[in-house]
Amino acid sequence: MWIKCPRCGEILYNKDIVKNLKVCRKCGYHFRLTAEERLAFTLDEGSFVEYDSRLVADNPLNFPGYPEKLAEARQTTGLSEAVVTGEGTILGYRVVIGVMDSRFIMASMGAAVGEKITRAAERACERRLPLVLFVASGGARMQEGMVALMQMAKTAAAVKHLDAAGLLYISVLTDPTTGGVSASFAMLGDIILAEPGALIGFTGPRVIEQTIKQKLPDGFQRAEFLQQHGMIDLVVPRARMREILGRIVMLHVGEGN
Amino acid sequence: MPTILDFERPFVELENKIAELTSFSREKDLDLSGEIEHLEKRAEELKRSIFANLTPWQRVQLARHPDRPNTEEYVRMLFEDFIEFHGDRCYGEDPAVLGGIGRFNGTAVTVIGHRKGRDTRENVSRNFGMAHPEGFRKALRLMHQAEKFGRPVITFIDTPGAHCGVGAEERGQSCAIAQNLLGMSALRVPIIVVVIGEGGSGGALALGVGDRILMQEHAIFSVISPEGCASILWKDPSRAQEAAEALKLTAHDLLALGIVDEVIPEPLGGAHRDPKRAAALLRERMVQHLETLKRVAPEELVRSRCAKFRQIGLVSEEAGESG
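Residues numbered from 1 in each chain as written. Chains lettered and ligands numbered in written order. Predicted model: local features only at pLDDT ≥ 70, side-chain atom pairs only at ≥ 80, totals over all residues. Heavy atoms only, no water.

### Comments concerning the side chain of B:Thr159
Note the cut-off: Going along the chain from the N terminus, every DSSP run of H or I of four or more residues is numbered as a helix, and every run of E of two or more is numbered as a strand. Residues count as neighbours in contact if any of their non-hydrogen atoms are within 4.5 Å of one another.
Structurally, the position occupied by B:Thr159 is in strand 4 (residues 153-159). In this structure B:Thr159 touches B:His114, B:Lys116, B:Gly129, B:Met130, B:Glu198, B:Gly199, B:Gly200, B:Gly203 and B:Ala204, once residues within four positions along its chain are discounted.

Here it is, written out as structure tokens:
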């Protein structure tokens, strides 16, 4: 019923915080969202149609313990994989959308995630629709080894096709976006938005601290830091995200579509 | 002093004994040829049997062998008229990436590779082959230059990974790698990628999107180092050997998985035991692939390169356990 804000310690009533799009009323901390919540907060009600819901990961390397890990992630999240893709409308504008859910093995990218993202980009091409991806990920999925790493190249090539077709791709970086995913489709948006406070980087801060044996400054690798360093277009608070996305799409497609 | 790995020791010791015996026989003018020949045969057999049964971890050690030929040495052995070019025209020059133009088998090409050093001093000055964003951006700049002049691109992969640090993050390590993946996927000239040592994750892939990915027999290519994998998954870096098995990072494993196109043999004992021979074996295969690719039209080149990556990890729809 009650949750504690991990940043300011405020005790928040669950119902209230959902009403506030899961942002702490006191300090503005953006809680991580499930894919379902993200879709609900972003799309026009009832507009979502899912793609590839049955597409699931294999165990291409026969990696020990991986099937059990997948089964557990499926059970706890109710999702088949770490990304949900489909089509829907934002303020009336039709888009192809993908949402990653960090509860699913840290939304790491294996073959199934790479394939779903690629197919979403391909559908956007076929239907000449904008693509909006809400990114969150710990990186490439270790248990799928090089098959996972190569999804970086595969998804980057898919973005290139969208680009060549003159279509709009907006990536929205959410907490956390790191590793191989940050170094592929996440950073390739025509327009890159981010949620306040989201951790975004190639190497995670803990690994950097261990390597350089120094404490990192406050705010390092946060969305605001990336905007300051010229890496993203705009930090957008969750309360304005739907409106900003709608406006960007509107400015690209004209009136209605 | 050359570095001797544990599993190299038995035949290296035998080889040392042979060398001693040879000089002894010469000094004393004794005929020990029968004895020496016998030992040489044994050393060869020993080497053969050890190398026929290498574990993935032993290959990791070979791929990281301090005496293993590096990019600079292969460039010297394989290219004529090579000229090095520097800088990303944006921030700086990254010595962890080598780039330039030269002639390969008569064709003007652009050559790019991660640059490890031969000794500690060299390695420190080149950051052990771990590139900053400016290194990746220099690589992409040179690739676009190659495209303009219709030059094929040849890249050498040999890095523990992209550099991890504050400056690299501030200057957009993720963005630089991502741009390379996108840029290489669309480049309208042939790209041949040769994995010669350590293919460490995203920092390796940033030079690794090609029409052909060739991999030396004892090179590795992995999503994460075995040590990193073991410490993340099992909270125990000492289980790196086990991780090396699980990650399927050897050339033959990756050929079977359809990640690389060809495994290039190395001289018995590994490339470091005979760098010239290793280079000759590389040259032979690179020539053949380059000649084939030079005849492919740019559109078809890009189309089939993308198709090749498109099919990696093609998964099937599975009804049942998922929703």
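### Description of the domain arrangement of chain B
All names here are of chain B. To keep it simple, the criterion reads: Residue ranges assigned to each domain were obtained from an automatic or database domain assignment. Two parts placed together each lose some accessible area under a 1.4 Å probe, and the buried area is that loss summed for both. What qualifies as a polar contact is a pair of N or O atoms within 3.5 Å, subject to a donor-acceptor requirement within protein and to the restriction that residues adjacent in sequence count only when both atoms come from side chains. Only Asp, Glu, Lys and Arg are considered charged in this grouping, and only Ala, Val, Leu, Ile, Met, Phe, Trp, Tyr, Cys and Pro are considered nonpolar; every other residue, Gly among them, is considered polar.
Each domain of chain B was delimited in the assignment, giving domain 1 (6-53) and domain 2 (60-310). Distance between the C-alpha centres of domain 1 and domain 2: 36 Å. Listed as interface residues are 9 residues of domain 1 and, on the opposing side, 9 residues of domain 2. At the boundary of domain 1 with domain 2, total buried surface from both sides reaches about 700 Å², with 61% on carbon and sulfur atoms. Of all residues in domain 1, the largest losses of buried area upon contact with domain 2 belong to Phe7, Glu8 and Phe51, amounting jointly to 62% of the total for that side. Where domain 1 packs against domain 2, one counts 3 residue pairs in polar contact (both at pLDDT 80 or more). Listing elements by their share of the side of domain 1 that touches domain 2, those giving two or more residues are helix 1 (9-28) and helix 2 (33-52). A per-class count over the side of domain 1 that touches domain 2 returns 4 nonpolar, no polar and 5 charged.

### Comments concerning a nonpolar patch on the surface
What counts, and what does not: For patches, a residue must show more than 30% relative accessible area and have no salt bridge; joins then use 9 Å for like charges and 5 Å for nonpolar side chains, namely Val, Leu, Ile, Met, Phe, Trp and Tyr. Note that accessible areas follow from Shrake-Rupley with a 1.4 Å probe, and for residues the cover is restricted to the protein chains shown. The term salt bridge refers to a pairing of a side-chain nitrogen on Lys or Arg with a carboxyl oxygen on Asp or Glu at a separation within 4 Å.
A cluster of nonpolar side chains, A:Met1, A:Trp2, A:Ile11 and A:Tyr13, forms an exposed patch at the surface whose accessible area comes to about 500 Å². Among the structural elements, A:Ile11 can be located in strand 2 (residues 11-13).

### Considering the interface of chain B and chain A
Each partner contributes residues to the interface: chain B has 53 residues there, and chain A has 54 residues. When residues of chain B are sorted by the area they lose upon contact with chain A, B:Glu169, B:Arg310 and B:Val315 head the list and together hold 14% of the total. At the junction of chain B with chain A, the criterion picks out 2 salt bridges. Our count for the contact surface shared by chain B and chain A stands at 11 residue pairs in polar contact (both at pLDDT 80 or more). Broken down by secondary-structure element, the contributors of at least two residues to the side of chain B that touches chain A are helix 7 (166-170), helix 8 (173-186), helix 9 (201-205), strand 7 (220-222), helix 10 (226-233) and helix 14 (298-310) of chain B. By residue number, the principal contributor to the side of chain B that touches chain A is helix 8 of chain B, which donates 10 residues. For the side of chain B that touches chain A, the residue count by class is 30 nonpolar, 15 polar and 8 charged.

### Remarks on the pairing of strand 7 (residues 169-178) of chain A
It is a general feature of regular strands that their side chains alternate between the two faces of the sheet. Residue and element names in this part refer to chain A. To be explicit about the condition: The rule is simple: take the accessible area with a 1.4 Å probe, protein chains only, and divide by the maximum for that residue type; under 20% is buried, over 50% is exposed, in between is partly exposed. In this scheme, strands are said to pair when DSSP sees at least two bridges between them. When the strands point away from the viewer, a crossover counts as right-handed if the route from the first strand across the helix to the second turns clockwise.
Taken across its 10 residues, strand 7 has 10 buried, putting it largely inside the fold. Bridge count between strand 6 (residues 131-137) and strand 7: 6 bridges; the pairing is parallel. When the sheet's bridge partners are listed, valine 132 is paired in strand 7 with isoleucine 170. At this point the chain moves from strand 6, through helix 5 (residues 145-164), to the parallel strand 7, and the crossover so formed is right-handed. Bridging between strand 7 and strand 8 (residues 191-194) involves 4 bridges; their strand directions are parallel. For valine 172, the partnering residue across the bridge sits in strand 8 and is leucine 193. Taken together, the 2 bridges between strand 7 and strand 9 (residues 200-201) define a ladder with parallel strand orientation. Counted as the bridge partner of threonine 177 is isoleucine 200 from strand 9.

### Quick notes on empty space enclosed by the protein
Quick note on the threshold: Within this scheme a cavity is a closed region of a 1 Å grid, computed over the protein atoms alone, that accommodates a 1.4 Å probe without allowing it to escape, whereas a pocket is open but has protein on both sides within 12 Å along at least five of seven lines; lining residues each have an atom within 4 Å of a point. Grid points are joined across faces, edges and corners, and a volume is the space filled by probe spheres set on the points.
Tallying each qualifying case throughout the model produces 1 cavity of 30 Å³ or more. Here the largest cavity is characterised by a volume of approximately 70 Å³. As for the largest cavity, its lining consists of A:Met187, A:Ile200, A:Gly201, A:Phe202, A:Gln221, A:Leu226, A:Met231, B:Glu169, B:Gly172, B:Gln173, B:Ser174 and B:Cys175. For the lining of the largest cavity, the secondary structure elements donating two or more residues are strand 9 of chain A together with helix 8 of chain B. If one sorts the elements of the lining of the largest cavity by residue count, helix 8 of chain B sits on top with 3 residues. Along the lines of polarity and charge, the residues of the lining of the largest cavity split into 6 nonpolar, 5 polar and 1 charged.

### Focus on the packing of helix 5 of chain A against helix 14 of chain B
The following threshold applies: For helices, the fitted axis covers only the stretch in contact; all axes are lines through C-alpha atoms, and the angles between them, taken along N-to-C directions, range from 0 to 180 degrees. In this scheme, roughly parallel covers angles under 35 degrees and roughly antiparallel covers those over 145, while 65 to 115 is roughly perpendicular and the rest are oblique. In this scheme the handedness of a crossing depends on how the near helix is turned from the far one: anticlockwise by less than a right angle means left-handed, clockwise means right-handed.
Taken N-terminus to C-terminus, the directions of helix 5 of chain A and helix 14 of chain B make an angle of 135°; their axes are 9 Å apart at the nearest point. The orientation of helix 5 of chain A with respect to helix 14 of chain B, classified from their angle, is oblique. Crossing handedness for the pair helix 5 of chain A and helix 14 of chain B: left-handed. For the pair helix 5 of chain A and helix 14 of chain B, the contacting residues are A:Met150, A:Ala153, A:Lys154, A:Ala157 and A:His161 in the first and B:Cys306, B:Phe309 and B:Arg310 in the second. Classifying every residue of the contact of helix 5 of chain A with helix 14 of chain B gives 5 nonpolar, 1 polar and 2 charged.

### Re the environment of B:Gly270
Residues and elements named next belong to chain B. As for its placement among the helices and strands, glycine 270 is situated in the loop between strand 8 (262-264) and helix 13 (275-294). Under the relative-accessibility criterion, glycine 270 is labelled buried at 0%. As for glycine 270 and alanine 63, which are separated by 207 residues in sequence, their C-alpha atoms are 9.1 Å apart. Here glycine 270 is in contact with Phe51 and His218, once residues within four sequence places are set aside.

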